[in-house]
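Geometric and topological summary
Each chain, letter by letter, is given below.
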Amino acid sequence: ELTEREADYEDLLLELQIHNPEAAALVSADAASLSDVQALLDPGVTLIEYFVTEGRTLAFIITRHTFETVALEVSREDLTRTIDEFRTDDFAVPSQSSPHPTSLRQLHMWLIDPLRPYLNTPDLGIIPHDVLHYLPFAALTDGERYLNDDYALFILPSASVLRFVQQKGKVGSDTLLALGNPTLADPLTEREVKAIADLYGTLPLVGREATESAVWAHAGKAGILHMAAHGQYNKFNPLFSAIHLAPDEDNDGRLEVHEVYGLDLTTTDLVVLSACQTQLGELGSYGEPVGVTPGDEVVGLNRAFSYAGTSSVMASLWNVDDAATAFLMERFYTHLRAGMGKAKALRQAQIEVRAEYPHPYYWAAFALMGDPE
């Protein structure tokens, strides 16, 4: 009965949101024209939009002045199997595995090599489709160099969303609300948010102070919202995926996706979900995406934050290593404070973490969705 009620609620919420232009763009009901998208692109940015079919994959490559379509001879089955291999076999003992796994070399050969003649800008915007949502594009490798050695990367849910992302871009996000270790079980995450808060000259909310109520009360006043808390993906109904914060008398501590839509983040430039598996669900026993519905572009946790008003969301693709993540976050915010753009700050932080933790499991989990700045 609960599942049925949740499904009814999801249908109603989507019906209401579809009348909003931005939400419509998220599900491609209000698609922008090619010329509209090109007019919005910086000369230094190339967009790659993938479309996966059963027999092959298409790549649409858009720059300010050009448009190319490349047919990639790789099927959905091949992509699913290889991504599953990376997320299972290559994660088994990452500290003892090759930093350039065969799976990521194969995916690079399929998805990047045929596009190389068209990738001539320093920044790449990736628009994934289907199982490619599970892929850490930064870690695609030719065996010697990773994709983020050559490009600063960011993710978009669709090309049509670009105009809304740019409208939300904010200048001078120098205030921070950081919450960490709400379950009192992750001392490393507590140290993470304290180190980040020190960079911004503020005090973090940790332990029992890292409440859902604090997010409702203060998130809209901060330029950056950082939550180092575990996420739980609801594979049956993504609207009820949740970030686990501390409970109090007013809220149960479960910040669910359908609640995120009600937050006012119009003054928030960046939301960082430094947690376990906050961006995507899980792969099933045969590598099939579990719980990815046709409305996934609307109900994904990071996209809910975008709808609430923030211009960028940074979230993880898998259960992250606490020590490596704390290091990555400290370096990311250091570069951000020094004036580096968000996409470039993430790229530089990943490169620095890679020197200490070579395997992509440790450094490639986080992706930036939205405004790369």
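Scope of this entry: the structure provided in the associated data block. (Residues numbered from 1 in each chain as written. Predicted model: local features only at pLDDT ≥ 70, side-chain atom pairs only at ≥ 80, totals over all residues. Heavy atoms only, no water.)

1. Focus on the pairing of strand E5 (residues 152-155)
Neither face of E5 is left uncovered, since the one carrying Ala152 and Phe154 and the one carrying Leu153 and Ile155 both have all their residues buried. Note that strand E4 (residues 123-127) and E5 share four bridges and pair parallel. Bridge pairing links Gly125 to Phe154 in E5. (Buried < 20%, exposed > 50% of the residue type's maximum accessible area, 1.4 Å probe, protein only. Helix = DSSP H or I, 4+ residues; strand = E, 2+ residues; numbered from the N terminus. Pairing = 2+ DSSP bridges.)

2. As for the packing of aromatic side chains
Evaluation of the coordinates by the stated rule reveals 12 aromatic pairs. Here Tyr200 and Tyr333 contribute two aromatic rings whose centre-to-centre distance is 5.9 Å and whose plane-to-plane angle is 85°, an arrangement assigned as edge-to-face. You can see Tyr200 sitting in helix H8 (residues 187-200) and its partner Tyr333 sitting in helix H13 (residues 322-337), a full 133 residues away along the chain. Both residues of the pair, Tyr200 and Tyr333, count as buried. Consider the rings of Tyr261 and Tyr307, whose centres lie 5.0 Å apart with planes at 70°: the pair is edge-to-face. Pair noted here: Tyr261 is in the loop between helix H10 (257-260) and strand E12 (270-273) and Tyr307 is in helix H12 (residues 301-307), with a separation of 46 residues, a long-range link. Here the basic side chain of Arg337 rests over the ring of Tyr200, its NZ or CZ set 4.2 Å away from the ring centre. When the ring centre of Trp363 is taken as origin, the NZ or CZ atom of Arg354, which lies over that ring, is 5.2 Å away. (Phe/Tyr/Trp six-rings, centres within 6.5 Å; stacked < 30°, edge-to-face > 60°. Lys NZ or Arg CZ within 6 Å of the ring centre and 35° of its normal.)

3. Description of unusual backbone geometry
Even without being glycine, Asp130 reaches a positive phi, approximately 60°. Looking at the secondary structure, you find Asp130 in the loop between E4 and helix H6 (147-150). Classification of Asp130 by relative accessible area gives partly exposed; the value is 24%. Within the chain, Glu373 stands out as a residue other than glycine whose phi angle is a positive 60°. With respect to the helices and strands, Glu373 occurs in the segment after strand E16 (366-370).

4. A word on the sheet that holds strand E10 (residues 242-244)
Taken in spatial order, the three strands of this open sheet run E9-E10-E11, and their pairing is antiparallel. At either margin of the open sheet sits one strand with a lone partner, and together these are strand E9 (231-232) and strand E11 (254-256). With three bridges joining them, E10 and E11 adopt antiparallel strand pairing. Looking at E11, one finds that Ile243 is bridged to Leu255.

5. Notes on the pattern of salt bridges
The tally for this structure, following the rule as stated, stands at 13 salt bridges. Between Lys342 and Asp269 there is a salt bridge whose closest N-O contact spans 3.2 Å. Of this pair, Lys342 sits in helix H14 (residues 342-356) while Asp269 is found in the loop between H10 and E12, placing the two residues 73 residues apart along the sequence. Side by side, Lys342 and Asp269 carry an identical accessibility label, which is buried. Each of the salt bridges in this network shares a partner with another, and the network as a whole consists of Arg116, Arg145 and Asp150. (Salt bridge = Lys/Arg side-chain N within 4 Å of Asp/Glu carboxyl O.)

So far we have only geometry, and geometry alone does not tell us how the molecule works.
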